[in-house]
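Remarks on the overall topology
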Amino acid sequence: MKRKLITFILLLLAITLQAQTARKFTINLTDDGKANMVVFLPENPSGKAIVGVPGGGYSVLSNSHEGYLASEWLNKQGIAYFVVNYRLPNGDRFIPMGDVQKGIRIVRDSASVWGINPHDVGIMGFSAGGHLASVVSTLSDFDARPDFTILFYPVISMDERVSHKWSCINFLGEEGHKDSELVRQYSTQNAVRSHLTPPAIIITASDDRLVPTVTNSLAYYTAMRNAGNECAMYIYPTGDHGFGFGPWFKYHDQMLNDLGNWLNARQTPKPDAIKVACIGNSITDGFGIDMRTAYGYPAQLQQLLGKDYWVKNFGVSSRTMLNKGDYPYMNEMAWKDALAFKPDIVIIKLGTNDSKPENWQYGAEFKQDLQQMITTLRKNNNPKIFLCTPIPAFKPTWNISDSVIVNNIIPIQQDVAKKNKLQVIDLHTLFANDGDKMVDDGIHPDNKGARKMAEIIAGAIKK
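Note that the structure is a prediction, hence the values are computed from the model and not measured. (Residues numbered from 1 in each chain as written. Predicted model: local features only at pLDDT ≥ 70, side-chain atom pairs only at ≥ 80, totals over all residues. Heavy atoms only, no water.)

What follows deals with the overall build of the chain. Helix and strand content of the chain: 18 helices and 13 strands. In terms of overall size, the chain behaves like a compact globule, its C-alpha atoms giving a radius of gyration of 24 Å where 463 residues would be expected to give roughly 23 Å. Along the three orthogonal principal directions, the C-alpha set of the chain runs to about 75 × 45 × 45 Å. Within the chain, the fraction of its 463 residues that count as buried is 61%. Counting only contacts in the chain whose residues sit at least 6 apart along the sequence, the fraction spanning at least 24 positions is 77%. (Helix = DSSP H or I, 4+ residues; strand = E, 2+ residues; numbered from the N terminus. Rg over C-alpha atoms; globule rule 2.2 N^0.38 Å. Buried < 20%, exposed > 50% of the residue type's maximum accessible area, 1.4 Å probe, protein only. Contact = heavy atoms within 4.5 Å.)

And the structure:
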C-alpha cells in the first residue's frame, strides 16, 4: 500500500513539476553513469541550492520520498535542488563520499550559470544519507563542504550497538566496523569543529525505532551546541523512521513550515562580498563566550561591517604561532580552511599562548614563523593583512606571561609588520584599562570585550 502511495505521489509530482521547475536534467558523476545527479532548477531562483542525499542503509537508494519528492516544494521556494544518486560503498566509504563531494563542487562551479550563490549551497541527507551528509559536512575539504546542513533522522554513530547496524557495516566494511578508531572517526559527533562545521537543522521523530534519536540526532546536536555552532533540532512526537517528504507524515505541513522558516532565517553572504578571515587562538575562537559563533568578536565584527563583508572565524583554542609550540596553528584544519577561503582581508591575532615558558623556549623562531604565515597568505591570495598585538594578560593563567608579550612578542610583531608594510592593531595598549571586560581567567574577553575588539578592528578595516 505504501509503495502504491509513493508511485501516486510521484505521478502527481510529474504533473505539477513544470509549474515550479524551469529545467530538469541529469549529470553523470562517473563515466559509466553509475553515479549521477538529477538537477531541478526553479523558475524564480533565490540563489540558494541544496544537494540531496537519499537514505537506504548504504544498501539501496530511497530516492523517491527521500529524494525527488522534495523538488516541488524546494523549487517553489526558489531553491535549486540536486539529488545525488551515489554509488553504494560495499565497505569502501570513499566511493559515496567522493560522489557527493563531486556533486557539491559541480554546483559551485556552475553557480553563475544556474543562478546560484556559491556561498549558499547546502546539503540534505536522510537516514544513512544523513550520515553521509554529516560526513561531508565535517570531514570534507573546504571547497566540498556545504554552507548548511539538513539532516532527516540521521545515522550519526558508527557504533552498531547504538545505531543502525547495517549502515555501519555497509559503510565501514566487514573489518572496518570492528576498528574502534574508524568507528570513532566516522561517528560524526566526534568530527564537529567550532566555526568550521556548517550550521545544521535536524528533523526526526521521537518514536524512531530504526535509528535511535538519543544516540544519533541528539548526539550531533549536542556536539554542535557544545562547539557553539548554530544548530536547530525538531523532534516530532510520532513518525517513526523514513517519513522524508511524504505527505503521509502526520506533521508534514508543520515540518515544511519549520524547515522553511529555518532556511529563510539564514544570513547568506553576497556572492561578491569582501571576505575577512579572522585567524587566531582562543580569543578569536571565543573561549568563555556562550554561543561564540553568534557573540564572539568575529560574529560581532560581521554585524558592524554589514552585508558587503563576509567574516569567517578561523580561531582555534590553545594554538601558537610557533611551529614548535605545543599546538601550532599552521598544523590545523582551520589554517587550511583560511587559505582555501581566499580572503581579501586577514586579521592575525596570535602570540598569547606563545608566551608560556614551555613554548617561548623556542621564541627565537617566532619571527620566522610569523613571516612564514604572512608569506603563505600573500602567495595564496595577496590579502590585506592586519596584525594584532595580544590583549594584556591580566592574570598569569595557564602560565601565560604578560612580560614576555610586552618585552618579546610585541617588538617582534612590530618589526615584522614594518618589514612587510602591515598595519598593526595594538590591542595590548587599547585594552590596558579593560580588565573588567574579561572573563574570570583574566585572559579572554567577555561579550563586552569581544564587542570592543570588533569595534576596533572594524574601524581599522573601514579606515
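Our next topic: the layout of surface pockets. Roughly 1,400 Å³ of volume is contained in the largest pocket. Listing elements by their share of the lining of the largest pocket, those giving two or more residues are α11 (292-295), α12 (297-305), β10 (309-315) and α13 (333-341). Counting residues per element, the lining of the largest pocket draws most heavily on β10, which supplies five residues. Looking at the lining of the largest pocket residue by residue, the class counts come to 17 nonpolar, 11 polar and 12 charged. (1 Å grid on protein atoms, 1.4 Å probe; cavity = no way out; pocket = protein on both sides within 12 Å on 5 of 7 lines; lining within 4 Å. Points joined across faces, edges and corners; volume = space filled by probe spheres on them. Nonpolar A, V, L, I, M, F, W, Y, C, P; charged D, E, K, R; others polar.)

Attention now moves to the sheet that holds strand β9 (residues 274-280). Note: strands within a sheet are paired through backbone hydrogen bonds, in either parallel or antiparallel orientation. Strand order in the open sheet formed by five strands is β10-β9-β11-β12-β13, with parallel pairing between adjacent strands. Among the strands making up the open sheet, the edge pair consists of β10 and β13 (423-425). Ignoring which end each strand starts from, the neighbouring axes of this sheet average 20 degrees apart. As paired elements, strand β11 (residues 345-349) and strand β12 (residues 384-388) share four bridges and run parallel to each other. Counted as the bridge partner of isoleucine 345 is lysine 384 from β12. Contacts from α13 reach β9 and β10 within the one sheet, and its direction differs from that of β10 by about 160 degrees. (Pairing = 2+ DSSP bridges. Axes fitted to C-alpha atoms, helices over the stretch in contact; angles between N-to-C directions.)

Attention now goes to the packing of aromatic side chains. All chains considered together, the criterion is met by 25 aromatic pairs. Grouping aromatic residues by their ring pairs yields a cluster made of Trp73, Phe126, Phe152, Tyr153, Tyr236, Phe243, Phe245, Phe249 and Tyr251. In this structure, lysine 452 packs its charged tip against the face of phenylalanine 431, placed 5.2 Å from the ring centre. (Phe/Tyr/Trp six-rings, centres within 6.5 Å; stacked < 30°, edge-to-face > 60°. Lys NZ or Arg CZ within 6 Å of the ring centre and 35° of its normal.)

If you check helix α15 (residues 366-380), its first and last C-alpha atoms are 21 Å apart, about what 15 residues at 1.5 Å a residue would give, namely 21 Å. Every buried residue of α15 is accounted for by Phe366, Asp369, Leu370, Gln371, Met373, Ile374 and Leu377. If you follow the buried residues of α15, they end up packed against β9, α13, β11, α14 (357-360), β12 and α16 (402-420). One or two positions beyond α15, positive phi appears at asparagine 382, with a value near 50 degrees. (Expected span 1.5 Å × (residues − 1).)

We now examine the sheet that holds strand β6 (residues 148-152). The eight strands are arranged β1-β2-β4-β3-β5-β6-β7-β8 in an open sheet whose pairing can be described as mixed. Edge positions in the sheet fall to β1 (21-28) and β8 (231-236), since each of these pairs with one other strand and no more. Shown here is a sheet whose adjacent strand axes are inclined to one another by a mean of 15 degrees, direction ignored. Where β1 and strand β2 (residues 36-42) come together, seven bridges link them in antiparallel fashion. Bridge pairing in β2 places asparagine 28 opposite asparagine 36. Across the face of the sheet, helix α5 (residues 128-139) comes into contact with β3 (49-53), β5 (121-126) and β6 while running at roughly 145 degrees to β5. Sheet strands touched by helix α9 (residues 252-265): β3, β6, β7 (200-205) and β8. Its angle to β6, the strand with the most contacts, is close to 165 degrees.

The element β11 is largely enclosed, with a buried count of five among its five residues. Side chains of β11 alternate between two faces, with Ile345, Ile347 and Lys349 and Val346 and Ile348 buried alike. When β9 meets β11, the two strands line up parallel, connected through five bridges. By the bridge assignment, alanine 277 is partnered in β11 with valine 346.

Further remarks concern unusual backbone geometry. Positive phi is not limited to glycine here, since serine 127 has a value of about 55 degrees. Following the sequence through the fold, serine 127 ends up in the loop between β5 and α5. Phi is positive for histidine 195, which is not a glycine, with a value near 70 degrees. Mapped onto the fold, histidine 195 is located in the loop between α7 (180-186) and β7.

As a further point, take the side chain of glutamine 300. Position of glutamine 300 relative to the elements: it lies in helix α12. Non-local contacts of glutamine 300, meaning those with residues more than four positions away in its chain, are made with Tyr295, Asn447, Ala450, Arg451 and Ala454.

Bringing the environment of serine 137 into the picture now. In this structure, serine 137 sits in helix α5. Of the residues examined, serine 137 reaches a relative accessible area of 0% and is grouped as buried. Each C-alpha atom, one on serine 137 and one on tryptophan 310, is 20 Å from the other, the two residues being 173 residues apart in sequence. In this structure serine 137 touches Ile123, Arg145, Pro146, Thr149, Thr197, Pro198 and Tyr220, once residues within four positions along its chain are discounted. A polar contact is formed between the side chain of serine 137 and the backbone oxygen of alanine 133, at a distance of 2.8 Å. Within the structure, serine 137 has its side chain in polar contact with the side chain of threonine 149 (distance 2.8 Å). (Polar contact = N/O pair within 3.5 Å; in protein donor to acceptor, adjacent residues only side chain to side chain.)

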